[in-house]
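Survey of secondary and tertiary structure
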Amino acid sequence: MSHSSAPRKTPGRPARISREDIIGTARRIVTEEGADRLTMRRLAQEVGSTPMALYHHVRGKEELLLLLLNDYAERTLHRPALPDQPRERVVVAAAAIHDVLAACPWIVEVLTADDLMSTTALWFVEQIVDNLVECGLTPERAVHGYRAIWYYTAGEILVRATAARRRATDDQPTYRERVFADLDPGELPRLARLSGRWAELTAEDTYRDGLRALVDGLLAS
């Protein structure tokens, strides 16, 4: 009778895991299902360990999310070449943030909680605030301007991501599409004329047009 030379696992002992295993598995969960589905218990099951074993590597979900934020920022956030005009520097910095986050919407969900952030991204915040000041805003108004730009950017990404997830799982007409198909031209003439193109028009990528309009409005005020 032949015997395997492979070492026999001790019954009940969890598999040996590394910090890289934990981060990689957590990244997969949040990318596929969203940050709200990431728990230490779920993560432990995925890596074949126990929640207590995970705490030897990370102190909890908040630290884990912070590690994921920093990991993503370091891999994807590249400082763009900035134009000469301060207004255009604001637009370029904000658009760079948008393009990176649009590729990974779960990060926006985490950032909108307003208590976690990646320090790597602060360079972009610095450019937006500093150049709004260069355009004539007070430092206080520049911070308010950055906040407005961030709200616009985050909202645009989240709305599109949510709609994309819905379309990916359900090909039936949405409630809004059914309502628009039956609009009364006598009561809502403009919307009724546009109803057949509403989905097409609202799906167009107009982020930069809206960003420029927002920046112009902030500076004009």
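Computed from a predicted structure; not experimentally measured. (Residues numbered from 1 in each chain as written. Predicted model: local features only at pLDDT ≥ 70, side-chain atom pairs only at ≥ 80, totals over all residues. Heavy atoms only, no water.)

1. Concerning the UniProt feature "DNA-binding region" (unreviewed entry) in the chain
According to UniProt, the feature "DNA-binding region" (unreviewed entry) maps to residues 39–58 in the numbering used here. Annotation note: span residues 39–58, helix share 60%, strand share 0%, distance between end C-alpha atoms 12 Å. (UniProt positions renumbered as here; feature names shortened; annotations may be inferred. Helix = DSSP H or I, 4+ residues; strand = E, 2+ residues; numbered from the N terminus.)

2. Quick notes on the packing of helix 5 (residues 86–102) against helix 12 (residues 207–220)
The packing of two helices is summarised by the inter-axis angle and the distance between the axes. Across the interface, helix 5 lies against helix 12 with an axial gap of 10 Å and an inter-helix angle of 140°. Put simply, helix 5 runs oblique to helix 12. Our pair here, helix 5 against helix 12, has a crossing hand that is right-handed. Contacts between helix 5 and helix 12 pair Arg87, Glu88, Val90, Val91, Ala94, Ala95, His98 and Asp99 from the former with Tyr207, Arg208, Leu211, Arg212, Val215, Asp216 and Leu219 from the latter. Partitioned by chemical class, the residues of the contact of helix 5 with helix 12 number 8 nonpolar, 1 polar and 6 charged. (Axes fitted to C-alpha atoms, helices over the stretch in contact; angles between N-to-C directions. Parallel < 35°, antiparallel > 145°, perpendicular 65-115°, else oblique. Left-handed = near helix turned anticlockwise from the far one by under 90°. Contact = heavy atoms within 4.5 Å. Nonpolar A, V, L, I, M, F, W, Y, C, P; charged D, E, K, R; others polar.)

3. Some points on the side chain of Glu156
Its location among the elements puts Glu156 in helix 8 (residues 139–169). Taking the relative accessible area as the measure of exposure, Glu156 reaches 14% and is therefore buried. A polar contact of 2.6 Å, which involves the side chain of Glu156, links it to the side chain of Arg160. Discounting residues that sit within four places of it in the chain, Glu156 has contacts with His98, Asp205 and Tyr207. (Buried < 20%, exposed > 50% of the residue type's maximum accessible area, 1.4 Å probe, protein only. Polar contact = N/O pair within 3.5 Å; in protein donor to acceptor, adjacent residues only side chain to side chain.)

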